[in-house]
Amino acid sequence: VVAGQAFESTMLVTEEYLIKRIDLPPAQLLSLEGLWGAAVVVFVIFPAMHFAPGTDNGHLNDAANELHLLVSNPVLLWMTLAQVMVAAVGNRVSLSVTVYLSGMHRKIMDTMRSGIIWCFGLIVYYLVDPSSPYGEGLSSGSAAELIGLIAIVLGQMTYGGVMNAVGSKMAAERREDCEVLSEVPLIPLTSSFDSMSTVLLGPASEPDARP
């Protein structure tokens, strides 16, 4: 779990660096990620799982058997293609979040996705069908899960500058900026109108003192 989080964090930071510092187009970055991912799976993962002993025709994973099942079953083939398309669209949208905001905002949205899935499971369990495999009821560890989810979201938002924690350095700097702005003298509104009229109409003539 820790290694997976470290790898994902490195990926997010690298994507943001390539997009905002190197000015790499998001579509090109997405294509490179897909190319490298496919190369690693085909030339590293599949051979390693093929030669590793297991229960799948003597292999840990029989890629030839899976390919045969995929080609011989049209429903499975279309579902696989649909999953690939959904993943491609999701990755493109995620990169757009990195382009216009930052990798931290993208990670916050990923964390909120877990909360949405959890809420969906609760709705299915309590409002639709408790016996459904897609439902999940509350348990003795639900409170700890909720506290952990809130802590993760608030921590990421505070670290990314989306919100300020009470007493944090960033909050103190914001307060100092507000105090500096409050000390700047304001130009009276009448002086602004007088200056504008002088530029447009010229200086006002002195009133005639004769009766």
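Please refer to the structure higher up on the page.
Residues numbered from 1 in each chain as written. Predicted model: local features only at pLDDT ≥ 70, side-chain atom pairs only at ≥ 80, totals over all residues. Heavy atoms only, no water.

Draft legend 1. Local environment of the overall build of the chain. A count of helices and strands for the chain gives eight helices and zero strands. Walking the chain from its N terminus toward its C terminus, one meets helices and strands in the order α-α-α-α-α-α-α-α. Across the 211 residues in the chain, those meeting the buried criterion constitute 17%. Considering only intrachain contacts with a sequence separation of at least 6, the fraction spanning at least 24 residues in the chain is 42%. When the accessible area of the chain is evaluated, it comes to approximately 16,300 Å², of which 70% is carbon and sulfur surface. (Helix = DSSP H or I, 4+ residues; strand = E, 2+ residues; numbered from the N terminus. Buried < 20%, exposed > 50% of the residue type's maximum accessible area, 1.4 Å probe, protein only. Contact = heavy atoms within 4.5 Å. Areas by Shrake-Rupley, 256 points an atom, 1.4 Å probe, with all protein chains shown as cover.)

Draft legend 2. Summary view of the pattern of salt bridges. Summed over all chains, the structure comprises two salt bridges. With a closest N to O distance of 3.7 Å, Lys 20 and Glu 16 form a salt bridge. You can see Lys 20 and its partner Glu 16 sitting in helix H1 (residues 2-20), four residues apart, about one turn around the helix. According to the relative accessible area criterion, Glu 16 is partly exposed, its value standing at 25%. (Salt bridge = Lys/Arg side-chain N within 4 Å of Asp/Glu carboxyl O.)

Draft legend 3. Representation of helix H4 (residues 74-100) within the structure. A rise of 1.5 Å per residue sets the reference length of H4, with its 27 residues, at 39 Å; its end C-alpha atoms lie 39 Å apart and thus fit the reference within 8%. Elements that come into contact with the buried residues of H4 comprise H1, helix H2 (26-51) and helix H5 (103-128). (Expected span 1.5 Å × (residues − 1).)

Draft legend 4. Inspection of the nonpolar core at higher detail. Listed in full, the five residues of the largest apolar core are Ile 19, Leu 24, Leu 29, Leu 30 and Leu 95. Dropping the residues within four chain positions of it, Leu 30 is found in contact with Ala 88, Asn 91, Arg 92 and Leu 95. (Core = buried A, V, L, I, M, F, W, Y, C linked by side-chain atoms within 4.5 Å.)

Draft legend 5. Local environment of the side chain of Ser 94. Mapped onto the elements, Ser 94 comes out in helix H4. Among the polar contacts listed, one links the side chain of Ser 94 to the backbone oxygen of Gly 90, at a separation of 2.8 Å. (Polar contact = N/O pair within 3.5 Å; in protein donor to acceptor, adjacent residues only side chain to side chain.)

Draft legend 6. Expanded view of a nonpolar patch on the surface. A cluster of nonpolar side chains, Val 40, Val 41, Val 42, Phe 43, Val 44, Ile 45 and Phe 46, forms an exposed patch at the surface whose accessible area comes to about 590 Å². On the accessibility criterion, Val 41 (33% relative accessible area) is partly exposed. (Patch = residues over 30% accessible without salt bridge, like charges linked within 9 Å, V, L, I, M, F, W, Y side chains within 5 Å.)

Draft legend 7. Representation of the environment of Ser 96 within the structure. Topologically, Ser 96 is positioned in helix H4. Here the alpha-carbon distance between Ser 96 and Pro 26, two residues 70 residues apart in the chain, equals 7.5 Å.

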